[in-house]
Amino acid sequence: MTLRAELERRLSAALERAGAPPGTPAIVQPATRAGFGDYQANGAMGAAKKLGRPPRELAETALAEADLDDLVAHAEIAGPGFINLTLSDACLGGQLAAFSAEVIAPRPVTDASPRVVVDYSSPNLAKEMHVGHLRSTIIGDAMARILEHTGHAVLRQNHVGDWGTQFGMLLAFMAEMSSNEDTLAHELNDLETFYRHAKERFDADPAFAQRARDTVVRLQRGDPVCLKLWEQFIEVSMQHCEAVYARLGVGLERRHVYAESAYNDDLAQVVADLDTAGLLTESDGAQCVFLDEFKGKDDKPLPLIVQKRDGGYLYATTDLAAIRHRCRNLRADRVLYFVDNRQSLHFRLVFAVARAAGFASEQTRLEHMPFGTMLGENGRPFATRSGGVVRLTELLDEAEHRAYALVTEKNPDLAETKRREIARVVGIGAVKYADLSKHRTSDYVFSWDGMLSFDGNTAPYLQYAYTRVQSLFRRAGIAPGTTDTTISLAEPAERTLALRLVQLPETLEIVVRDGLPHLLCSHLFDIAVAFMAFYEQCPVLTAEDPALRDSRMALAQRTGTALETGLDLLGIATVDRM
RNA sequence: GCCCCGAUAGCUCAGCUGGAUAGAGCAGCCCCCUCCUAAGGGGCAGGUCAAAGGUUCGAAUCCUUUUCGGGGCGCCA
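It should be emphasised that the depicted structure is a prediction, and the values quoted were computed from it without experimental measurement.

Q: Tell me what's going on with the domain arrangement of chain A, and back it up with residues and numbers.
A: By a widely used convention, the size of an interface equals the accessible area lost when the partners come together. For chain A, the domain assignment lists domain 1 (3–87), domain 2 (165–258), domain 3 (264–368) and domain 4 (404–569). For domain 1 versus domain 4, the separation of C-alpha centres amounts to 33 Å. Tallying the contact residues gives 7 residues for domain 1 and 6 residues for domain 4. In this structure, the connection of domain 1 to domain 4 is made through 1 salt bridge. Its salt-bridge partner being D38, residue R495 comes within 3.0 Å of it at the nearest N-O pair.

Below, the structure is given as C-alpha cells:
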C-alpha cells in the first residue's frame, strides 16, 4: 500500500470515528504547496458541510482520532479545514531503506493476478508504419510494462490489419509481378511505394480494378494461389513492423500477433450467437444490432452492422469476436484498447453489444483508451507536403542523426561506437518521451523540432540526470549497490528529493487506473528536477563528513534506481554517460 | 440535425475524486563553468483559464447557454 493510500485509509477511519458517515473519503493528496507539508486531506470540509458542523472542528476531532504517529511528524488544521501532514524523517527514511527491494520493486505476477489484455499498435499491414502509429505503439507498450510491473498478468494483443478489401488490390498487383521474383522482392522492399503503385494501377486500369475485386473474393474463399501471395505479403510486412519494434524497443513479438484474419472462422458464429440472444435485426438486407441506449439522427435507432447485405462481415463483427476470444479464452478481467479516439462511438456500441450478448461479463472491464490525432502544422491530420506520411523509420533516423551530432559536440573524446550507442538511446528516447509526455487524449501537432528536442522536459534530461548519478559512483570508485546507510534529510533539497522518490508508486497507481503514462513522465521529471537541485546545493563527493557523503551517495543511488526503473517502464533506455 | 472531444502564458502543454497564491518546457531578457558532466543551475518577464450565467464556504475543474476548432453518425477499417 502506498503512503497516500495508507494515510487515506487511516484518516477516513478517523473521520468516521469523528462522526462522519462510513465511507467518507479523507481525500488525501500531495500538498499543493511546500508550506503546507507533504500531504493534505481535504475531506473534512465536505463531510462537515453535510453534517452541518464547523469544518475546522470536525477536522480537529478527526485528527485527534487518527493514529498517524509512525508516519507523520507534524499535523495541523489550516484554512477552512484542511488537514496538513508532514511526514516524519523516520517514515521517509524507512521508505528509502526499502526503496529498491520493496517500494519500487516489481510486484510478483501469480495465477491470482488480474489478467489484463492490452490491445495496441495494431497497424494495418497493407502499408508501412508511419508516425501516426507512434501513439498506440508507444503508449500501449508503456502501459503494458507498467501493468506488468504492478503485478498484472499482461496479455499483449497486436490486432494487425491483414484482411480486407485493399489486400485484393495489393495481391493483384503482386500477381502481375510474380513472374519476376527479383522485381517483386525489390518492390516489396518498400511497402509504401508498393501500395502507391498498386493504387495508381487500380485507379488507371478498370480491368485491373476488377481483378483486384475478384482477388478479394478468391482470397476469402481460400484460393491457394491467392493465399500464398497473401502469406508472402503479410510476412514481408510483419518483418517490417518487427524491425521497427526492435528499433523502438517495443516488446511486441510474433506471439502477440492475433490478426484480424485469425477471427475469420468465428464470425459466422458471432452472428449466430447474436441471433440466439435475440439481438439480431435485419435492416435493408444487413444484419444489425439495435440497442435502446443508442439513438442516431432524428431519434432513430443506431445500428451496429455485423453482416453486410452481400453476406460479408465487418470490423464490428471482428471486434466482437475478439472480445469473445479475450474474455473466454484469455480469461481477461480487463481489456484496454489503445485506439484512435475517432473510433470511440464504435467501441461504445461494440462493448454494449458484447455485454448484451454475453461475450463479456458485467465484471469484465472493457476500456477504450482513446488517443488524439497527430496533426500537421496546419492543424489538419498529419501529412507531408506531398500528401504522404512521415515513415517511422525516417523519424528515427533523424532522431539518431541529431543526437549523434549533439553527443559528438558535447563529448568529442568518446569513442565512435560509444557515441553511436548514446545517440541511439538518446534519440529514440527523445521521440518516445515526446509522445508519452503528452496527455493521451489530446491531439498533437507533429513537429520535427518538438519531437526531437533534447532540452527541458525530455527523455535526454532524465537520462542526463541518471548519468550524473552514475558519474558520482564512477568517481567514487564504488558500484551503485543499495547500502543500508542512514539517509540524512537535513537539507531541504535532500528532503524534497526523498519525498518525490517515495511518492513514485502513488503515481504508478494512478497511471494503472487511468491509462495515462504522461503522469509517470511528469513525476520522473519532478524527480530529476529535485535531483538537479540537490546536486547543485548538496556536495556529495566533497562532503566533509564521511557519513554525510555516504548518505548523499545513498540518496543518489535511490534516484538512479528510480530514474532507471521509471524510464524502463516507459520503454526508454539509459546510458552511463552522455 | 444529433453525439463525442477540445479551447489554460508569445509557442507546446501539465493541472489527479472541486481546494489554499493556476504550474512546466520552449522562445525572450539577466546571471552562474579555477567548483561532483553547462544536454545543467539561478533570476526576471509573461495568464480576465474562449464568453456569459449558475451550484458551492471554495470552480480552470461540476451544470446550463453561446462562440470557435477537431472528430463521428447503415453495409470501409
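Now that the structure has been shown, we can carry on.
Q: Could you give an account of the packing of helix α19 (residues 492–502) against helix α22 (residues 546–570), naming the residues involved and the relevant values?
A: Between α19 and α22, the least distance of the axes is 10 Å, while the angle of their chain directions is 35°. Crossing of α19 against α22: the hand is left-handed. From α19, E494, L497, A498 and L501 reach across to α22, where they touch L548, R552, L555, R558, T559 and A562. In terms of residue class, the contact of α19 with α22 is built from 6 nonpolar, 1 polar and 3 charged.

Q: So what about the packing of aromatic side chains? Which residues, and what values?
A: Inspection of the entire model under this criterion finds 13 aromatic pairs. Both rings, one in F173 and one in F194, keep their centres 5.1 Å apart while their planes meet at 65°; by these two values the pair is edge-to-face. Of the two residues, F173 sits in helix α7 (residues 166–177) while F194 sits in helix α9 (residues 191–204), which places them 21 residues apart along the sequence. Summarising the aromatic geometry, the rings of F173 and F208 are spaced 6.4 Å apart at their centres and angled 85° between planes, so their arrangement reads as edge-to-face.

Q: Lay out unusual backbone geometry in plain terms, naming residues and giving numbers.
A: Residue D284 is not a glycine yet carries a positive backbone phi of 55°. With respect to the secondary-structure elements, D284 resides in the loop between β7 (280–283) and β8 (286–295). The residue R331 is not glycine, and still its phi comes out positive at about 50°. Relative to the helices and strands, R331 is located in the loop between α13 (315–328) and β10 (334–337).

Q: Would you mind going over the pattern of salt bridges in detail, with residue names and values included?
A: Across all of its chains, the model carries 36 salt bridges by this definition. Where R145 meets D141, a salt bridge forms, and the shortest distance between an N and an O atom there is 3.0 Å. Taken together, the residues R145 and D141, both in helix α6 (residues 134–149) and 4 residues apart, mark about one turn of the helix. In this structure, R145 and D141 share a single accessibility class: buried. Overlapping salt bridges, with partners in common, bring together E6, R9, R10 and D70 in one network.

Q: Any details on the protein's contact with RNA strand B? Residues and values, ideally.
A: The full set close to RNA strand B counts 65 residues, and K49, E260, K308, Y464 and Y535 are the nearest of them. For RNA strand B, the backbone portion of the atoms within 4 Å of the protein, that is sugar and phosphate, comes to 58%. A distance of 2.5 Å separates a base nitrogen of RNA strand B from a polar side-chain atom of N84. One of the side-chain nitrogen or oxygen atoms of R468 is found 2.4 Å away from a phosphate oxygen of RNA strand B. Looking at the surface near RNA strand B element by element, the count peaks at 7 residues for helix α18 (residues 459–476). For the surface near RNA strand B, the per-class residue count stands at 30 nonpolar, 14 polar and 21 charged.

Q: Any chance you could break down the sheet that holds β10 for me, citing the residues and the numbers?
A: Taken together, the 4 strands give an open sheet; going across it, the order is β6-β5-β10-β11, and neighbouring strands pair in parallel fashion. Two strands in the sheet have a free side with no partner beyond their single neighbour: β6 (153–157) and β11 (365–368). Across this sheet, the average inter-strand angle for adjacent strands is 15°, counted without regard to direction. Of the pairings in the sheet, the one linking β10 to β11 comprises 4 bridges and is parallel in character. Of the residues in β11, the one forming a bridge with R334 is R365.

Q: Give me the lowdown on the pairing of β7, citing residues and values where you can.
A: The pairing of β7 with β8 spans 4 bridges and is classified as antiparallel. Residue E282 lies in a different strand from β8, and its bridge partner there is Q287.

Q: Explain the side chain of R552 to me, using residue names and the numbers behind them.
A: Within the fold, R552 resides in helix α22. Judged by relative accessible area, which is 6%, R552 ranks as buried. Here the side chain of R552 touches P539 through a polar contact of 2.8 Å, landing on its backbone oxygen. Contacts of R552, omitting those with residues within four sequence positions, involve E491, E494, F534, C538, P539, V540 and A543.

Criteria and cut-off values
- Residues numbered from 1 in each chain as written.
- Chains lettered and ligands numbered in written order.
- Predicted model: local features only at pLDDT ≥ 70, side-chain atom pairs only at ≥ 80, totals over all residues.
- Heavy atoms only, no water.
- Domains from an automatic or database assignment.
- Contact = heavy atoms within 4.5 Å.
- Salt bridge = Lys/Arg side-chain N within 4 Å of Asp/Glu carboxyl O.
- Axes fitted to C-alpha atoms, helices over the stretch in contact; angles between N-to-C directions.
- Helix = DSSP H or I, 4+ residues; strand = E, 2+ residues; numbered from the N terminus.
- Left-handed = near helix turned anticlockwise from the far one by under 90°.
- Nonpolar A, V, L, I, M, F, W, Y, C, P; charged D, E, K, R; others polar.
- Phe/Tyr/Trp six-rings, centres within 6.5 Å; stacked < 30°, edge-to-face > 60°.
- Buried < 20%, exposed > 50% of the residue type's maximum accessible area, 1.4 Å probe, protein only.
- Near = heavy atom within 4 Å.
- Polar contact = N/O pair within 3.5 Å; in protein donor to acceptor, adjacent residues only side chain to side chain.
- Pairing = 2+ DSSP bridges.

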